[in-house]
Amino acid sequence: MKVRVKSFAILRQFLPRETEVEIRDGSSVRDLLDLLVKQAPPLANELLNEKGELKDFVNILRNGRNIHFISGLDTPLSEGDLVALFPPAGGG
Amino acid sequence: MTMLSLVERERYLRQIPLLGETGQERLRDAAVLVAGAGGLGSVCAQMCACAGFGKIRIVDNDVVERHNLNRQVLYAARDHGLFKVDVAARRLRENNPWLSVEPVRETITRESIGGLVCGIDVIIDGMDNYDARYILDDAAFGEDLPFIHGAVNGFYGQVSSIIPGETPCLHCIVPHPPPPGDVPILGVTVGTIGSIQVAEAIKLVTGLGKPMAGRMLLWDGLMGEAEVIPVARDPSCTRCNGRGVAP
Ligand SMILES: [Zn+2]
């Protein structure tokens, strides 16, 4: 299946603004991140902590809904889903 | 609501065609809380003063330091060591003699927030940390006040208008804040984001346009890209639960 991925801020240095990713049916957000990190290894520093877990402040929206409020990294993906990745800004 | 004077009409000559005299009067009758007098706070307060908001309460407990001057446009080199809100009040009054400025040398805490939002119509986020932003967000929902969130990091920035009863709260939009600490910031980024925040405040007070409600602007000055993404409520959120937009 194909999903669309949008990236913002620092992640934009390693990913296109919007890209279509071919991924096997039944994949989760975790599978998608694994695939993205394989394609662009420096992404790991931005997305994952030392234990390889997602940095919790990186917002991941599936079709506009934060995966924190769905099933986290286990959130399932379907054909045509739009996944947006953005680390929020904090300064003022 | 009293009419604008002749001198006020002259001052706002170039924007009354946009806002109407009624819109301009609404701004004059509105009080904003500018929470923070740093990078975003400087720009927001300045833009509010220029636009003709009647009252600005500006809150910050810091003094001006040399490394503020790359982005905190209200301050000059000679202001080193002075309280930011005192300098800010002087500069804002110089810009707009009709403005009532209330400088408050305080830190935003759960204890101080009640007094800070008293009599306020719009809260503008000029904070540099999420602990304080969440306090403002809670006060906005408690007092039913719009809260215009803005944050920056380097060339990047974000803005969203949080409106109790209509939109998700900040806890829903940013459930896990980035790690605390100083981030690199450019004056141009706070100029961009702060200006957009005040545009939101002007729209909310005058009723013009469509606020960035339930949406967040993500600005990337490095790539020259802007995107507006939808933001949705956590169905289990107890702050905006039942008052936020339907998921
Ligand atoms: Zn909420």
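Source: prediction; values computed, not measured.

## Things to note about the coordination of the zinc ion
All names here are of chain B.
Line of reasoning, step 1. Here the zinc ion is held by the protein donor atoms C169 (SG), C172 (SG), C237 (SG) and C240 (SG), which lie 2.2 to 2.3 Å from it.
Line of reasoning, step 2. Around the zinc ion sit four donor atoms, and with donor-metal-donor angles ranging over 101 to 117° the site reads as tetrahedral.
Line of reasoning, step 3. In terms of primary sequence, the donors binding the zinc ion are separated according to C-x2-C-x64-C-x2-C. Remark: C240 occurs in the segment after β8 (225-230) and C172 occurs in helix α7 (residues 170-173); sequence separation between them is 68 residues. Across the pair, exposure class does not vary: C172 and C240 are buried alike.

## Overview of the layout of surface pockets
Line of reasoning, step 1. Of the voids in this model, the largest pocket is the one considered here, and its volume is about 1,000 Å³.
Line of reasoning, step 2. Contributing to the lining of the largest pocket are 46 residues, with A:G90, A:G91, B:D128, B:N129 and B:G181 lying nearest its centre.
Line of reasoning, step 3. Looking at the lining of the largest pocket, the element that brings in the most residues is helix α6 (residues 130-143) of chain B, giving three residues.
Line of reasoning, step 4. Of the residues assigned to the lining of the largest pocket, the class counts are 20 nonpolar, 15 polar and 11 charged.

## Observations concerning empty space enclosed by the protein
Line of reasoning, step 1. All chains considered together, the criterion is met by two cavities of 30 Å³ or more.
Line of reasoning, step 2. Of the voids in this model, the largest cavity is the one considered here, and its volume is about 140 Å³.
Line of reasoning, step 3. Around the largest cavity, the lining is made up of 18 residues, and of these A:F8, A:A9, B:L218, B:W219 and B:D220 lie nearest the centre.
Line of reasoning, step 4. For the lining of the largest cavity, the secondary-structure elements that each account for two or more residues are β6 (156-162), β7 (215-220) and β8 of chain B.
Line of reasoning, step 5. Residue composition of the lining of the largest cavity, grouped by class: 10 nonpolar, three polar and five charged.
Line of reasoning, step 6. A volume near 50 Å³ is recorded for the second largest cavity.
Line of reasoning, step 7. The wall of the second largest cavity is formed by A:N59, A:L61, A:G64, A:R65, A:N66, A:F86, B:C172, B:I173, B:V231 and B:A232.

## Focus on the interface of chain B and chain A
When the parts of a complex come together, some accessible area is lost, and that lost area is often taken as the interface size.
Line of reasoning, step 1. Listed by partner, the interface residues are 41 residues for chain B and 22 residues for chain A.
Line of reasoning, step 2. Together chain B and chain A conceal approximately 2,400 Å² of surface at their shared face, both sides included; 58% is due to carbon and sulfur atoms.
Line of reasoning, step 3. Ranking the residues of chain B by area buried against chain A places B:Y156, B:H176 and B:E227 at the top, with a combined share of 23%.
Line of reasoning, step 4. Between the two partners, chain B and chain A, sit four salt bridges.
Line of reasoning, step 5. Our enumeration of links across chain B and chain A arrives at 13 residue pairs in polar contact (both at pLDDT 80 or more).
Line of reasoning, step 6. Per-element tally for the side of chain B that touches chain A: the top contributor is β8(B), with five residues.
Line of reasoning, step 7. Taken together, the residues that form the side of chain B that touches chain A break down as 27 nonpolar, seven polar and seven charged.

Here is what the cut-offs are and how they apply
- Residues numbered from 1 in each chain as written.
- Chains lettered and ligands numbered in written order.
- Predicted model: local features only at pLDDT ≥ 70, side-chain atom pairs only at ≥ 80, totals over all residues.
- Heavy atoms only, no water.
- Donors = N, O, S within 2.8 Å, 3.2 Å for Na, K, Ca; no water.
- Tetrahedral: all angles 85-135°; square planar, octahedral: opposite > 155°, others 65-115°.
- Helix = DSSP H or I, 4+ residues; strand = E, 2+ residues; numbered from the N terminus.
- Buried < 20%, exposed > 50% of the residue type's maximum accessible area, 1.4 Å probe, protein only.
- 1 Å grid on protein atoms, 1.4 Å probe; cavity = no way out; pocket = protein on both sides within 12 Å on 5 of 7 lines; lining within 4 Å.
- Points joined across faces, edges and corners; volume = space filled by probe spheres on them.
- Nonpolar A, V, L, I, M, F, W, Y, C, P; charged D, E, K, R; others polar.
- Contact = heavy atoms within 4.5 Å.
- Buried area = accessible area lost by both parts, 1.4 Å probe.
- Salt bridge = Lys/Arg side-chain N within 4 Å of Asp/Glu carboxyl O.
- Polar contact = N/O pair within 3.5 Å; in protein donor to acceptor, adjacent residues only side chain to side chain.

All we've got here are geometric facts, nothing functional implied.
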